[in-house]
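Each chain, written out:
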Amino acid sequence: MSKLFRAVIMGPPGSGKGTISERIAQSFGLQHLSSGDFLRENIAANTEAGVLAKTYIEKRLLVPDHVMTRLLLPRLEEMTRHSWILDGFPRTLAQAEALSRACELDVVISLNIPLETLKERLRHRWIHPASGRVYNLCFNPPRVQGVDDISGEPLIQHEDDRPEALVARLRHYKDVAKPVIDLYKAKNILHTFSDTDTDRIWPHISSLLNTKIRTDQSSAQRASTN
Ligand SMILES: Nc1ncnc2c1ncn2[C@@H]1O[C@H](COP(=O)(O)OP(=O)(O)OP(=O)(O)O)[C@@H](O)[C@H]1O
Ligand SMILES: Nc1nc2c(ncn2[C@H]2C[C@H](O)[C@@H](COP(=O)(O)OP(=O)(O)O)O2)c(=O)[nH]1
């Protein structure tokens, strides 16, 4: 069997984590695991953790680390036979340390997008709150304006996607993410991509993953034939 591949994608709100994770999932056959989607599934299923998480998400606060790790780590344990890309987790150092104890990561992708670009993107971001599906009126518009393609339900805009709120959100992201980024830098698995366009970043990510996945698989094959 080929070696399994584990990746994490990090970046500020609107940096393209969801968009790029989907491309990675499609191009490389990795499972896209999104902490936001997983929380929404738990909220919809009314699990104990889902009910608890909802109170924080409604206030646009981070869900406490112990709730996140209790939810996410068992999910990852179920995925021992799959390669995956994790989007939205870890967000804090405590989450990153818990993840390190549970599994070994191959690659961490960090997206570094200029503030002006983030402001512009989020100003045009519309969300289907129940599923977390995101649209951008310029980049990936819904088929009918204001309406989710799949459910036909209305789309909303988050108050904190407004440019005025974004600066504070971004500062918070940077403060919380810095020790996580430092940890992955020290482990030598951090790859940072800086640009204004997902389409310009994508070829670099694709070529990194091509190299990493191919190299890992040929060394796994060599190990199994030795
Ligand atoms: N790793 C995590 N730790 C704590 N809370 C989390 C985590 N992942 C998601 N959440 C909670 O779930 C909510 C929804 O997450 P999701 O990633 O879908 O959207 P978001 O925070 O608006 O991110 P972005 O703006 O980067 O797309 C977050 O606002 C946060 O309250
Ligand atoms: N104009 C433009 N919009 C983009 C680009 N890449 C992604 N988007 C859009 C899609 C979303 O509406 C929004 C944020 O992307 P996302 O993938 O939800 O980001 P994230 O919050 O998961 O990090 O920006 C891009 O390259 N250009």
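Residues numbered from 1 in each chain as written. Chains lettered and ligands numbered in written order. Predicted model: local features only at pLDDT ≥ 70, side-chain atom pairs only at ≥ 80, totals over all residues. Heavy atoms only, no water.

A. Representation of the UniProt feature "domain: Adenylate kinase active site lid" (unreviewed entry) in the chain in the model. Within the UniProt annotation, "domain: Adenylate kinase active site lid" (unreviewed entry) is assigned to residues 125-160. Summarising residues 125-160: 0% helix, 22% strand, and an end-to-end C-alpha distance of 11 Å. (UniProt positions renumbered as here; feature names shortened; annotations may be inferred. Helix = DSSP H or I, 4+ residues; strand = E, 2+ residues; numbered from the N terminus.)

B. Structural detail: the site of ligand 1. Taken together, the neighbourhood of ligand 1 is formed by 18 residues, with Lys-17, Ser-35, Leu-61, Gly-88 and Arg-91 sitting nearest. Measuring from an oxygen atom of ligand 1, one finds a side-chain N or O atom of Arg-40 at 3.1 Å. At 2.9 Å from an oxygen atom of ligand 1 is found a side-chain nitrogen or oxygen belonging to Arg-169. Look at ligand 1: alone it shows 600 Å² of surface, and the protein chains cover 88% of it. The element contributing the most residues to the shell around ligand 1 is helix 2 (residues 35-44), with four residues. Of the residues contributing to the shell around ligand 1, the split by class is eight nonpolar, four polar and six charged. (Near = heavy atom within 4 Å. Polar contact = N/O pair within 3.5 Å; in protein donor to acceptor, adjacent residues only side chain to side chain. Areas by Shrake-Rupley, 256 points an atom, 1.4 Å probe, with all protein chains shown as cover. Nonpolar A, V, L, I, M, F, W, Y, C, P; charged D, E, K, R; others polar.)

C. View of the side chain of Gln-95. Among the secondary structure elements, Gln-95 is positioned in helix 5 (residues 93-102). Only 3.0 Å separates the side chain of Gln-95 from the side chain of Asp-65, close enough to count as a polar contact. Setting aside its immediate chain neighbours within four residues, Gln-95 contacts Val-63, Asp-65, Met-68, Thr-69, Phe-89 and Pro-90. (Contact = heavy atoms within 4.5 Å.)

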